[in-house]
Amino acid sequence: MLHDVAIVGAGPVGATLALSLADGDLDVVVLDARARGETLRGERSLALSHGARLILERCGVWPMLAGVMEAVTPILAIDVSQAGGFGMTRLAAAEHSLPALGYVVSYRALQAALDAALAHAGIAVRHGVTATSVGGTPAYAAVALEGADPVTARLAAVADGTGAAVAGVGRQRHDYGQVALVAKLWRPVPHSGVAYERFTRDGPIALLPEGDHYGLVWTMTPGRAEEMLALDDAAFVAALERHFGARTGGFTRIKDRRSFPLMLEFARATVGTRCVVLGNAAQTLHPVAGQGFNVGLRDAAGLAQAVLDSSREAIGSRAMLEAYARSRRTDRWAGIAFTHGLVGVFGSDLPWLRWPRGLALTLLDTLPVAKRAFTRAMMFGLR
Ligand SMILES: Cc1cc2nc3c(=O)[nH]c(=O)nc-3n(C[C@H](O)[C@H](O)[C@H](O)COP(=O)(O)OP(=O)(O)OC[C@H]3O[C@@H](n4cnc5c(N)ncnc54)[C@H](O)[C@@H]3O)c2cc1C
């Protein structure tokens, strides 16, 4: 049986794609390796832009998510600064007449809301099914499955988080030689929706408001992370406060410290014969700018639009896939280049970089047009 679209991976990006196709009177099959009700990466929090919220609203997921206690924390302002240098800027939602600049969302709650929306829309997900390879002929795509018959479709959309299921997609990998040290932190006073991004000698530190606490993401070398993880809670908090200065008002408690390696990994081409990779399978970005998930959701929305704009016969055709890839090129490369550039400029401890980056922050703060353009690009991407 030839389906119209086979989606490999019903994580946040694959599920959003399936929901965005729901009104299209199409035969869509969704496959996911995880068991029904299981959530991978449940401990993770995702940084969502305002534009990403609009995508989730369009597929009916946002109201479900927003109704879950502490699943969504609005970011009302972002305070950006650097240690040991001048320059500071504050991006505020109110300046852009928006309810929030972005949101911190629990991966577990988002996945549960997406699963419920898929069930509500009558989209069946085949859980516990692992794709071992995805290949294409000019006529159809074939998804080979572990212990089950292959699935064929006009188009295979791979959102498996790594792109590992697709044969022959050239990938580029850059190891930053850094790790992200993450933890949960509590302050004596409520966070009021203010996020902090501070560039320090040891690497960028982000504090994101999450429920009643802050989520810490601190980028550093693996050796330094080992030392920091070995400290007791009080010594760790003292070290963090030294880097952060007085801007947050200190911390009272810390929990769940851990670290993971940071890479930039991307597919050189996102489309092949009858197949496309999207989301983290297409690009896995450094978390410094919180762009990865947002670019992934825009992949899903863009691909759904390209499929819905095609006749059934044209789904998965070379012309359709090339038009989709063209429509995503600027935003995707901008996300990759912006994130990579930010790591280079702000992750570096070269003293001569401190001055220009201080100037950039000051200019951003004093030039409303530049600030608006920067904020809009962070929220909606580049087209
Ligand atoms: C280590 C790490 C930490 C991160 N931390 C943050 C963070 O703090 N904040 C943030 O905003 N973003 C973070 N990200 C990015 C964020 O997790 C991703 O942007 C988001 O998960 C992408 O969603 P996705 O649907 O593309 O992939 P995933 O979330 O990886 O979902 C992939 C889905 O595909 C399924 N699958 C996998 N392989 C197969 C297969 N062979 N066959 C069938 N199904 C399969 C999986 O079961 C899963 O459901 C992080 C990423 C990494 C790698």
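Residues numbered from 1 in each chain as written. Predicted model: local features only at pLDDT ≥ 70, side-chain atom pairs only at ≥ 80, totals over all residues. Heavy atoms only, no water.

*Asks:* An account of the overall build of the protein is requested, with residue identities and associated values reported.
*Replies:* Assigned secondary structure in the protein consists of 10 helices and 19 strands. Relative to its 383 residues, the protein shows a buried fraction of 52%. Of the contacts made within the protein by residues no fewer than 6 positions apart, 73% connect residues no fewer than 24 positions apart. Looking at the protein as shown, the accessible area adds up to about 16,500 Å², and 57% of this sits on carbon and sulfur atoms. (Helix = DSSP H or I, 4+ residues; strand = E, 2+ residues; numbered from the N terminus. Buried < 20%, exposed > 50% of the residue type's maximum accessible area, 1.4 Å probe, protein only. Contact = heavy atoms within 4.5 Å. Areas by Shrake-Rupley, 256 points an atom, 1.4 Å probe, with all protein chains shown as cover.)

*Asks:* Tell me what's going on with the sheet that holds strand β3 (residues 45-49), and back it up with residues and numbers.
*Replies:* The antiparallel open sheet is built from three strands, whose spatial order is β3-β7-β4. The open sheet has two free edges, formed respectively by β3 and β4 (72-75), since each of these has just one partner strand. Across the sheet, the mean angle separating the axes of adjacent strands is 25° when strand polarity is ignored. Relative to strand β7 (residues 102-106), β3 is paired through five bridges, and the arrangement is antiparallel. When the bridges of β7 are listed, L46 appears paired with V105. Packed on one face of the sheet, helix α2 (residues 50-58) meets β3 and β7 and runs near 95° to β3. (Pairing = 2+ DSSP bridges. Axes fitted to C-alpha atoms, helices over the stretch in contact; angles between N-to-C directions.)

*Asks:* Can you explain empty space enclosed by the protein? Please cite residues and give values.
*Replies:* Counted according to the given criterion, the structure contains one cavity of 30 Å³ or more. The space that makes up the largest cavity amounts to roughly 40 Å³. Every residue along the wall of the largest cavity is listed here: T270, V277, A282, D299, Y324, A325, R328 and R332. For the lining of the largest cavity, the element with the highest residue contribution is helix α8 (residues 318-346), accounting for four residues. (1 Å grid on protein atoms, 1.4 Å probe; cavity = no way out; pocket = protein on both sides within 12 Å on 5 of 7 lines; lining within 4 Å. Points joined across faces, edges and corners; volume = space filled by probe spheres on them.)

*Asks:* Describe the pattern of salt bridges, with residues and values.
*Replies:* Overall, the coordinates contain 14 salt bridges when judged by the stated rule. A salt bridge links R154 to D4; the shortest N-O distance between them is 2.9 Å. On the criterion of sequence distance, the pair formed by R154 in strand β11 (residues 148-158) and D4 in strand β1 (residues 2-8) is long-range, its members being 150 residues apart. Classification of D4 as buried rests on a relative accessible area of 3%. Among the salt bridges present, the one from E57 reaches R53, with a minimum N-O distance of 2.7 Å. Residue E57 and its partner R53 are located together in helix α2, separated by four residues, close to a single helical turn. In the salt-bridge network here, residues are joined through shared partners; they are R298, D299, R328 and D331. (Salt bridge = Lys/Arg side-chain N within 4 Å of Asp/Glu carboxyl O.)

*Asks:* Could you give an account of helix α1 (residues 12-20), with specific residues and numbers?
*Replies:* Burial of α1 is extensive: eight of the nine residues sit out of reach of the surface. Of the residues making up α1, those classed as buried are P12, V13, G14, A15, T16, L17, A18 and L19. If you follow the buried residues of α1, they end up packed against β1, β2 (28-32), α2, α4 (107-120), β11 and α7 (292-308).

*Asks:* Explain the sheet that holds strand β19 (residues 283-284) to me, using residue names and the numbers behind them.
*Replies:* If you trace the eight strands from one edge of the open sheet to the other, you get β6-β5-β13-β14-β15-β12-β16-β19, paired in mixed fashion. Each edge of the sheet is formed by a strand with only one pairing partner; in this case those strands are β6 (88-92) and β19. Here helix α6 (residues 233-244) sits on the sheet and contacts β12 (171-186), β13 (194-200), β14 (203-210), β15 (213-220) and β16 (253-267); the angle it forms with β15, its principal contact strand, is near 75°.

*Asks:* Can you break down the packing of α1 against α4 residue by residue, with the values?
*Replies:* The N-to-C vectors of α1 and α4 enclose an angle of 25°; their axes lie 10 Å apart at closest approach. The angle between the axes of α1 and α4 places the two elements in the roughly parallel class. Seen from above, α1 lies across α4 with left-handed handedness. Listed contacts from α4 to P12, A15, T16, A18 and L19 of α1 are Y107, L110, Q111, L114, A117 and L118. Class assignment of the residues belonging to the contact of α1 with α4 gives a composition of nine nonpolar, two polar and no charged. (Parallel < 35°, antiparallel > 145°, perpendicular 65-115°, else oblique. Left-handed = near helix turned anticlockwise from the far one by under 90°. Nonpolar A, V, L, I, M, F, W, Y, C, P; charged D, E, K, R; others polar.)

*Asks:* Describe in detail the environment of L56, supporting the description with residues and values.
*Replies:* By the secondary structure assignment, L56 is in helix α2. For L56 and A301, which are 245 residues apart along the polypeptide, the C-alpha to C-alpha distance reads 9.5 Å. For L56, the residues in contact, after removing those within four places along its chain, are T16, L48, V61, W62, L110 and L297.

*Asks:* Explain the pairing of β13 to me, and be specific about the residues and the numbers.
*Replies:* Extensive coverage of β13 is indicated by the burial of seven of its seven residues. With burial as the criterion, each face of β13 is covered, one bearing V194, Y196, R198 and T200 and the other bearing A195, E197 and F199. Note that strand β5 (residues 77-82) and β13 share six bridges and pair parallel. In the strand pairing of β13, S81 is matched with R198. With five bridges connecting them, β13 and β14 associate as antiparallel partners. Counterpart to Y196 in the pairing with β14 is L207.

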